[in-house]
Amino acid sequence: MRIAISSDHGGFEHKQLLIEAIKAMGHTVEDFGVYADESVDYPDFIYPAAKSVASNSNDLGIIICGTGIGASIVANKVRGIRCALVTSVEVAQLTREHNDSNVLALAGRTTDYETNLAIVKAWLETPFSEGDRHKQRIQKISDIEVKEDRK
């Protein structure tokens, strides 16, 4: 799979470590920055990564900021993105199975690296359930996006 990854300064250290781990899992990684741990505005780096997933340039995305909150808000502004802020392996699996999440938001400061690595592995390995009830709910999310674009 092709994985987009980006962070702000609060997620930089985890991003750098995760890039190597994701490559070791056999995936291709496109790094949208940041490239140092100096303070930056996270939308400048998160948005391009999310857009690359929405446009199918990358299959999935992983974004990291200090808490994951700001990054997830930015990503979810992009039409077609279903970003989930995840802090446990169980939730990582559920968001793939039930929500077909295509962007994973992580917390670089409030979740330790080992937990984030386990979350990434579980998220990348868990397929969407393809269940009718889940497809219906995802379609309703898409319908909301279309409705909101008209305003």
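Described in the following lines is the structure provided in the data block. Positions within a chain are numbered from 1, following the residues in the order the chain's sequence is written. Note on the predicted model: pLDDT of at least 70 is required for a residue's local features to be given, and 80 or more for side-chain atom pairs to be given and counted; whole-chain, interface and lining totals, by contrast, use all residues. Side-chain measures here rest on the full set of heavy atoms in the structure, leaving out hydrogens and waters.

### Quick word on the pairing of strand E5 (residues 103–107)
Residue exposure (1.4 Å probe, protein chains only): buried if accessible area is under 20% of the type maximum, exposed if over 50%, otherwise partly exposed. Strands here mean DSSP runs of E at least two residues long; helices mean DSSP runs of H or I at least four residues long; both are numbered from the N terminus. With 5 of 5 residues buried, E5 is to be regarded as a mostly interior element. Burial along E5 is two-sided: the residues Val103, Ala105 and Ala107 and Leu104 and Leu106 are all buried. Sheet topology note: the strand E3 (residues 60–65)/E5 ladder contains 5 bridges and is parallel. By the bridge assignment for E5, glycine 61 is matched with valine 103. Note on pairing: two strands pair once DSSP finds at least 2 bridges between them. Pairing geometry for strand E4 (residues 83–85) and E5, over 3 bridges, is parallel. Bridged to cysteine 83 within E5 is valine 103. If you view a crossover with the strands going away from you and the path from the first strand over the helix to the second runs clockwise, you call it right-handed. Traced from E4 through helix H4 (residues 89–99) to E5, the parallel crossover comes out right-handed.

### Side note on the sheet that holds strand E1 (residues 2–7)
If you trace the 5 strands from one edge of the open sheet to the other, you get E2-E1-E3-E5-E4, paired in parallel fashion. On the outer flanks of this sheet lie strand E2 (28–31) and E4, each paired with one strand and no other. The mean inter-strand angle of the sheet, taken between neighbouring strand axes irrespective of direction, is 20°. Running over the sheet, helix H1 (residues 12–24) touches E1, E2, E3 and E5 and is turned about 165° from E1. Orientation is described by lines fitted to C-alpha atoms, with helices fitted over the stretch in contact, and by angles between N-to-C directions that extend from 0 to 180 degrees. Whether two residues are in contact is decided by their heavy atoms: any pair within 4.5 Å suffices.

### Section: the packing of H1 against helix H5 (residues 113–125)
A pair of packed helices is captured by two measures, namely the crossing angle of their axes and the spacing between those axes. Packing of H1 against H5 brings their axes to within 11 Å, and their N-to-C directions diverge by 40°. With respect to H5, the element H1 is oriented oblique. Relative to H5, the crossing made by H1 is right-handed. Every residue of H5 that contacts H1 at His14, Leu17, Leu18, Ala21 and Ile22 is listed here: Tyr113, Asn116, Leu117, Val120 and Leu124. Nonpolar residues are Ala, Val, Leu, Ile, Met, Phe, Trp, Tyr, Cys and Pro. Charged residues are Asp, Glu, Lys and Arg, and all others, Gly as well, are polar. Its residues assigned to classes, the contact of H1 with H5 comprises 8 nonpolar, 2 polar and no charged. Under this scheme an angle from 65 to 115 degrees is roughly perpendicular, one under 35 degrees roughly parallel, and one over 145 degrees roughly antiparallel; angles in between are oblique. Helix crossings fall into two classes, left-handed where the near helix is turned counterclockwise from the far one by less than a right angle and right-handed where it is turned clockwise.

### A word on the side chain of asparagine 116
Summarising the element assignment, asparagine 116 is placed in helix H5. For asparagine 116, a relative accessible area of 0% gives the class buried. In this view, asparagine 116 contacts His14, Leu106, Ala107 and Thr111; residues no more than four positions away in its chain are not counted.

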